[in-house]
Amino acid sequence: MPTGVYVCHCGLNIAGVLNVEDLKSFAEKLPGVAVARDLQFSCSDIGQEQIQKDIAEHKLDRVVVAACSPRLHEPTFRRAISKAGLNPYMLEMANIREQCSWVHMDQPAMATEKAKDLIRMAVAKAELLQPLEPESIPVSKEVLVVGGGVAGIAAALDLADAGLHVFLVERRPTIGGYMALLTDVFPTNDCSICVLGPKMSEVYNHPNITLYTYSEVLGVEGSVGNFTVSGVRRARYVDEKLCKGCINECASACPVEVSSEYDFGIGKRKAIYVPYPQAVPLAACIDPKACIGCSRCAEACPADAVRLEQEAQDFKINVGAIIVATGWQPFDAARKEEYGFGRYRDVITTLQMERMLNASGPTKGEVVRPSTGEIAGSIAFLQCVGSRDATVGNCYCSRICCMASLKNAQLVKEKYPDTDITIYYMDIRACGEGYEEFYIRAQKLGINFVRSRVSSIQEEEGRISLIYEDTQNGEIRRAKHDLAVLSVGLEPDSNAEVLGNLLGLSRRPDRFFEIAHPKMRPVEAHIDGVFIAGCASGPKEIPISIAQGSAAAAKALKLLHRGFLELEPTSAYVDPDKCIQCKLCVDICPKKAISVKSPAYVDEAACKGCGSCAAACPVDAIDMRFFSDQQILAQVKAATEVKREFPLIVAFLCNWCSYGAADLAGTSRIQYPTNARNIRVMCSARVDPSFVLEALRQGADGVLIAGCRIGECHYKDGNYQALQRVNVLKGVLEKVGLDPGRVKIVWCAASEGEIYAQDLREFIAELKAMGPIGTELKRRDGGQQPDLAQPGNGPEEGEKP
Amino acid sequence: MKLAYYPGCVSLSTGKEMDISTRAVCAALEIELEELSDWNCCGATHVSNEQVATGLAARNMAQTELPIMTPCSICYSNLRSAVRRLEDLEVRERVNAVLEKKYSGAAVRHALDVILESLEKKDERIVLPLREMKVAAYYGCLLTRPAGQYSPQFPTILEELTRRLEAEPVELRHKTACCGGPIFMPREDAADDIAFAILAEAKEAGAEVIVTVCPLCHLMLDAKQRALEQKKGQKIGIPVLYVTQLVGIALGLGPEELGLEMNSVSPMAVVERAYEKMAKE
Amino acid sequence: MSAVTAAKDMEFKSEVLRLAGPEMQTCIQCGTCSASCPTAHLMNPSIRKLVKLCLEGRKKEALHNETLWLCTSCLLCTVRCPRGIRPKAVVSALKDIAEREGVRGRDASYEEFFLKQIKSNGRIAELPLTAEFLLVYPQAAVQSMQMGLELISKGKIAAKLERIEGRDEVKRIVEELRE
Ligand SMILES: Cc1cc2nc3c(=O)[nH]c(=O)nc-3n(C[C@H](O)[C@H](O)[C@H](O)COP(=O)(O)OP(=O)(O)OC[C@H]3O[C@@H](n4cnc5c(N)ncnc54)[C@H](O)[C@@H]3O)c2cc1C
Ligand code: SF4
Ligand code: SF4
Ligand code: SF4
């Protein structure tokens, strides 16, 4: 296995500190090395050509470049060796610049010794490299959008216009979501359905969209690029194609009247109904819970569209990506008992107000007191009902309800200028373009604002009485109104729970779906190929819901438009003979890539190569194609082969944050001692306890594990898992008589070079206080090597987290 | 059913009829009570240091393995709060350090809930159904607060019990409002206003009886009723019964078994009416 | 305000936080507590402002006021506060501090006698408690007499001191658990 080793001068960046000549001759003598050179700039054309020449001349089958960080030039050298006919994965880099010459500038001798170790480690790992082929898999160019609210509609239309086929699944009989039920909408107060209606029809008529209303997703299998989705289309008991949507004939024949969910309890509908006049599809449907089976509607229908015998139909589709746009549901106002919703008729919610204001709503646009049917002369709006409220478990601000009340107050005031309107608020949150101006407009219209949080509502002499403290003047008051409107907050739609579980979506503490990164990846789920848009990931107004729908569409388009996906060949794989089907890996995998179908099976398209499963598997049945157990153990061995300094630390750094932090310490020239030998892993969760034990057994004085800051893991919660394993490990060390402080776990963001350096300095000081490995044993029973046994003999099975 | 019984200090004084009727009703319903040995005061609303209050409650609860029943809402609230605080192992350790018998968890119940549970719908033991009797359910603060088994603001269990006795519940807006009791010594006027508002509402709502679950509420509404009438110049004249007394009447227990003669506003006329009504039917 | 007094006040603030819970810092001054309070119309400062005084470390104003003694312990504030704060616990914490620091007054006395009786007897009996209270606050005599007569006529006054066996244990609870 002839290996070529190239030690880079990087001008003086490396050669100014390290003795590159010495490194070159050191490398030459390492086992398996056929040629070693020092190059001025290995990344330059000349440098690359030299490497390519050597590959041909010396029949090299693997290459080690000791230079800058692999995060910088690994792709460059991979390209270079593959041009010379080598597999690009037959490359290993030793980071002797960012993590050596730049950070040990005043200790050139020690730094050179450290660089030797780093090169020895790289060569040892290179020895075990295997050619890997990036797999490319064909993907479906169809997309599933779940939820036909404004966010889902925006996503579906953008994708369909771009030429991808879309399945839009909506669980209600019509698309449109809540926006379709609103009256005029802020901040411009234009009619909601007038702007949404045309989009709804466009969806219905688009050749690239298959619309399944009154339908639900019941099963999802597969992974990014190739999901198989099954579901059911519930029976409407009406032939969608034949129905003309006239509704007059059938509904007037129907003898059953129930309260309409589309009017939130203030309007009625029949058992056969169309949700609202602009519904899409404009076809009736029969509510099986209300229907008494008299079939009078069937007799009345002039188009003969009623099908009482209709049955639900299953569907099964293949899609490459899934967009979750399942939206929200209103907070149940009855839960705030002190406000009397449900007890007092003249206490209503904002949604009921929206319906009343809606010209095609149950009151035809009149704002009345439900108890008397008279126009309300004095109206109170109560903000933050069910939001910002620990007593109901919703600590978050629902974000739109201040604006919605400002809007409704304006609409009422414009329609009935004499109405006395007061908004009771803790803070008015009007943060958006034109929103503060909207607030000012409401103030100028003569709407009253009282800073308070109403403590309770009582009915007195037929009027609604609010009890509150006006906190601006400290007065405790009772105010009487004709109508109290509760500004209910937004909660995640409970109907999306099943879907969330099927897809393995995680939820934030506020119960909305969590996105992959709270800033950088606003519409991506943790699961590849799944995107989230609109209120499904938290309360937001219409423009932002639309923007997210379009953003999710763009992401899906980017993923699928080529028709194939290239997969990094870095995934985990299972040795079926070893697997005992304990399913530990299934739960641990953050990408839900593992399924156990006797034995475990890793979906390589979904796997992102974090390696947590490999570290968790109690029988070592899982290994990684890149960063394999053997490769890492070889690095550990090489790092500890010659022990030239005390304390000697083997450090495992996650690729994303802590390795980045160590690189940043280099670019910022932060100086720290030379004691650590860093091993790059994809995630701190990759660190198998056996690696740590092996390092200590080989004579390392301490082992450092560094991961992203808690809550910022690039795979979701790998650092928590690493932490758990470290805690178990500490117990093991204690059992064998070693100081548990010899293994340490730290967190640093890629921007925290100084923190990384500081953590290392501290660890060095701690280890100095402990003395060389084994000191504590000598102290105890007169000197014995720690009984850590052979590699792989980690903590007992039961102890693995 | 066997329960440990925690009567509370008031049982020996202003709340004697509460104690007497509780024992009588439980006997009639075959609920066996074993009085907590050497129980101490729960601290009522006058022990400000939460840790001391917790310690006082813990000492009581450590006396028994049985579920503990009390007829007093203040004791009930204090024991319940203590149970919650003692879930914190640090607190438990500190408290146990000064206790002789160690606390290791307890179940606490109010007599109201125990009685409702042992009464069936159309229970045969209800020999005097209280048909058409208008009963205002007054919970006060501490039966339902801090939040636990019942809604802290709109509980319905007393109404439910009232209905089970076939009486007619009268819903009070003030049903979980404060009675003013805890401050009646040092802040008489304030306490009086608060208590009178409850009586006035009950009067206006046409209640024949007010039912309470707390000896302090009872004191404010019953023992003070005459003084309040004089002070406010309005006649109230509504008897105020402990829930155990009300249930006892329906179970056909006699006035002395229920301590009815100890009530300041005599309930005898109302009881009379119920008997007459039954005789007529 | 001098730097020295400021430091001391912050000590007071942390003591209240320790006793009443750290969530107190999240108060948004919404007034739900004060508007729920049955004696709010008599309180000055209101329970809402009392929370704020503590958070600002204004010890003197927080300890010397009528508000503490107007709280009926009804807990309505506590079940309604949107931040999960327990304003009643703030009142308790302040009373506790007031008692420890010897802030006297008729109100403090009532609580003090109450605790004293628990400490020495294990239980409470009204007559001795009231008698002791009336010594420092004779103004309350009229109502006490009225009420007393009513109760005596019904045989409901416990005149004799109830003493329990475990008095020493109770004494330890009162003394040692009160840090
Ligand atoms: C009172 C009030 C007034 C408002 N006024 C304004 C305003 O004036 N201006 C403004 O910008 N915003 C306003 N909003 C906010 C606006 O309603 C939302 O921004 C908008 O509805 C978000 O759209 P969405 O598509 O994310 O969710 P939704 O409208 O909730 O749509 C989600 C859809 O998904 C469907 N669905 C859910 N679960 C499933 C499932 N499992 N399978 C299939 N389908 C499913 C639902 O049936 C629904 O049709 C207001 C909100 C309220 C409460
Ligand atoms: S938007 Fe306004 S009303 Fe809604 S929760 Fe936030 S602050 Fe409260
Ligand atoms: S209710 Fe809570 S948040 Fe509001 S003012 Fe009172 S303590 Fe503060
Ligand atoms: S517990 Fe005290 S402060 Fe709180 S509402 Fe009741 S009386 Fe007011």
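Reading the values: the criteria
Residues numbered from 1 in each chain as written. Chains lettered and ligands numbered in written order. Predicted model: local features only at pLDDT ≥ 70, side-chain atom pairs only at ≥ 80, totals over all residues. Heavy atoms only, no water. Domains from an automatic or database assignment. Contact = heavy atoms within 4.5 Å. Helix = DSSP H or I, 4+ residues; strand = E, 2+ residues; numbered from the N terminus. Nonpolar A, V, L, I, M, F, W, Y, C, P; charged D, E, K, R; others polar. Buried < 20%, exposed > 50% of the residue type's maximum accessible area, 1.4 Å probe, protein only. Arc of directions from axis to C-beta. Polar contact = N/O pair within 3.5 Å; in protein donor to acceptor, adjacent residues only side chain to side chain. Pairing = 2+ DSSP bridges. Axes fitted to C-alpha atoms, helices over the stretch in contact; angles between N-to-C directions. Near = heavy atom within 4 Å. Phe/Tyr/Trp six-rings, centres within 6.5 Å; stacked < 30°, edge-to-face > 60°. Lys NZ or Arg CZ within 6 Å of the ring centre and 35° of its normal. Buried area = accessible area lost by both parts, 1.4 Å probe. Salt bridge = Lys/Arg side-chain N within 4 Å of Asp/Glu carboxyl O. 1 Å grid on protein atoms, 1.4 Å probe; cavity = no way out; pocket = protein on both sides within 12 Å on 5 of 7 lines; lining within 4 Å. Points joined across faces, edges and corners; volume = space filled by probe spheres on them. Parallel < 35°, antiparallel > 145°, perpendicular 65-115°, else oblique. Disulfide = S-S within 2.5 Å.

Glancing now at the domain arrangement of chain B. Frequently, the measure chosen for interface size is the accessible area that the parts lose on association. All names here are of chain B. Each assigned domain of chain B is listed with its residue range as follows: domain 1 (2-112) and domain 2 (123-280). Taking only C-alpha atoms into account, the centre of domain 1 sits 24 Å from that of domain 2. Tallying the contact residues gives 26 residues for domain 1 and 34 residues for domain 2. Those elements that provide at least two residues to the side of domain 1 that touches domain 2 are helix 1 (16-28) and helix 3 (73-85). Here the element with the most residues in the side of domain 1 that touches domain 2 is helix 1; it accounts for nine residues. Residue classes in the side of domain 1 that touches domain 2 are distributed as 12 nonpolar, 10 polar and four charged.

Below, the discussion takes up helix 2 (residues 20-28) of chain A. Residue and element names in this part refer to chain A. Burial in helix 2 covers these residues: Val20, Leu23, Phe26 and Ala27. Down the axis of helix 2, the buried set is contained in an arc of 115 degrees. They therefore lie on one face. Backbone nitrogen of Glu21 and a side-chain oxygen of the N-cap are separated by 3.3 Å at the start of helix 2; the cap is Asn19.

Residue and element names in this part refer to chain A. As summarised here, the arrangement of the five strands in space is 20-27-21-22-23, forming an open sheet in which the pairing is parallel. At either margin of the open sheet sits one strand with a lone partner, and together these are strand 20 (347-349) and strand 23 (448-451). Looking at each pair of strands side by side, their axes are set apart by 25 degrees on average, direction ignored.

Around ligand 3 lies a shell of 13 residues, among which Cys27(C), Cys30(C), Gly31(C), Cys33(C) and Cys81(C) are the nearest. Residue composition of the shell around ligand 3, by class: eight nonpolar, three polar and two charged.

Attention now moves to the environment of Glu93(B). Structurally, Glu93(B) can be placed in helix 4 (residues 89-98). Glu93(B) sits 10 residues away from Tyr103(B) along the chain, and the two C-alpha atoms are 9.2 Å apart.

To continue, consider the site of ligand 4. In the region of ligand 4, the neighbouring residues are Cys37(C), Pro38(C), Ile47(C), Cys71(C), Thr72(C), Ser73(C), Cys74(C), Leu75(C), Cys77(C) and Lys88(C). For the shell around ligand 4, the class distribution of residues is seven nonpolar, two polar and one charged.

Before going further, it helps to spend a moment on the domain arrangement of chain A. The domains assigned to chain A are domain 1 (1-132), domain 2 (142-328 + 493-560), domain 3 (334-486), domain 4 (568-611) and domain 5 (627-801). If you average the C-alpha positions of domain 3 of chain A and of domain 5 of chain A, the two centres end up 58 Å apart.

Residue and element names in this part refer to chain A. Per the stated rule, a full pass over the model turns up 16 aromatic pairs over all chains. Joined through ring pairs, the aromatic side chains of Tyr89, Phe626 and Phe627 make up one cluster. The ring of Tyr178 carries the charged tip of Arg172 above its face, separated from the ring centre by 5.4 Å. Here the guanidinium or amino end of Arg343 rests over the ring plane of Tyr344, the centre of that ring lying 5.1 Å away.

Turning next to the interface of chain B and chain A. Counting residues at the interface gives four residues for chain B and six residues for chain A. By the criterion of area lost to chain A, the three top residues of chain B are Gln153(B), Phe154(B) and Arg173(B), representing 89% of everything that side buries. Summed over the shared surface of chain B and chain A, the number is zero salt bridges. The interface formed by chain B and chain A holds four residue pairs in polar contact (both at pLDDT 80 or more) in total. Among the residues forming the side of chain B that touches chain A, the class breakdown is one nonpolar, two polar and one charged.

Turning next to the layout of surface pockets. Rolled over the atoms, a probe sized like a water molecule indicates the empty space that remains. Of the voids in this model, the second largest pocket is the one considered here, and its volume is about 1300 Å³. Put simply, the parts of the chain that give the lining of the second largest pocket at least two residues each are strand 24 (456-460) and strand 26 (475-481) of chain A, helix 7 (188-204) of chain B together with helix 2 (32-36) and helix 6 (76-80) of chain C. Per element, the largest residue contribution to the lining of the second largest pocket is six residues, and it comes from helix 7 of chain B. Looking at the lining of the second largest pocket, its residues break down into 17 nonpolar, eight polar and 14 charged.

Residues and elements named next belong to chain B. Two numbers describe how helix 8 (residues 215-223) lies on helix 9 (residues 225-232): the axes approach to 5 Å, and their chain directions differ by 50 degrees. The angle between helix 8 and helix 9 places the two elements in the oblique class. Counting all contacts with helix 8, which are made through Met220, Leu221, Asp222 and Ala223, the residues of helix 9 involved are Gln225, Arg226 and Leu228. Its residues assigned to classes, the contact of helix 8 with helix 9 comprises four nonpolar, one polar and two charged.

Let's shift gears to the state of the cysteines. By definition, a disulfide links the sulfur atoms of two cysteines through a covalent bond. All names here are of chain A. Taken as a whole, this structure holds one disulfide over all chains when the rule is applied. The partner cysteine of Cys191 in its disulfide is Cys194, sulfur to sulfur 2.2 Å. Disulfide Cys191-Cys194: torsion about the S-S bond near 80 degrees, hence right-handed. When its relative accessible area of 49% is taken as the criterion, Cys194 is described as partly exposed. Unpaired in this structure, Cys683 has its nearest cysteine sulfur neighbour in Cys713, at a distance of 4.2 Å. Taking relative accessible area as the criterion, Cys683 reaches 4% and is therefore assigned buried. A disulfide-free cysteine, Cys748 has its sulfur positioned 7.6 Å from the sulfur of Cys654, the nearest such atom. For Cys748, a relative accessible area of 0% puts it in the buried group.

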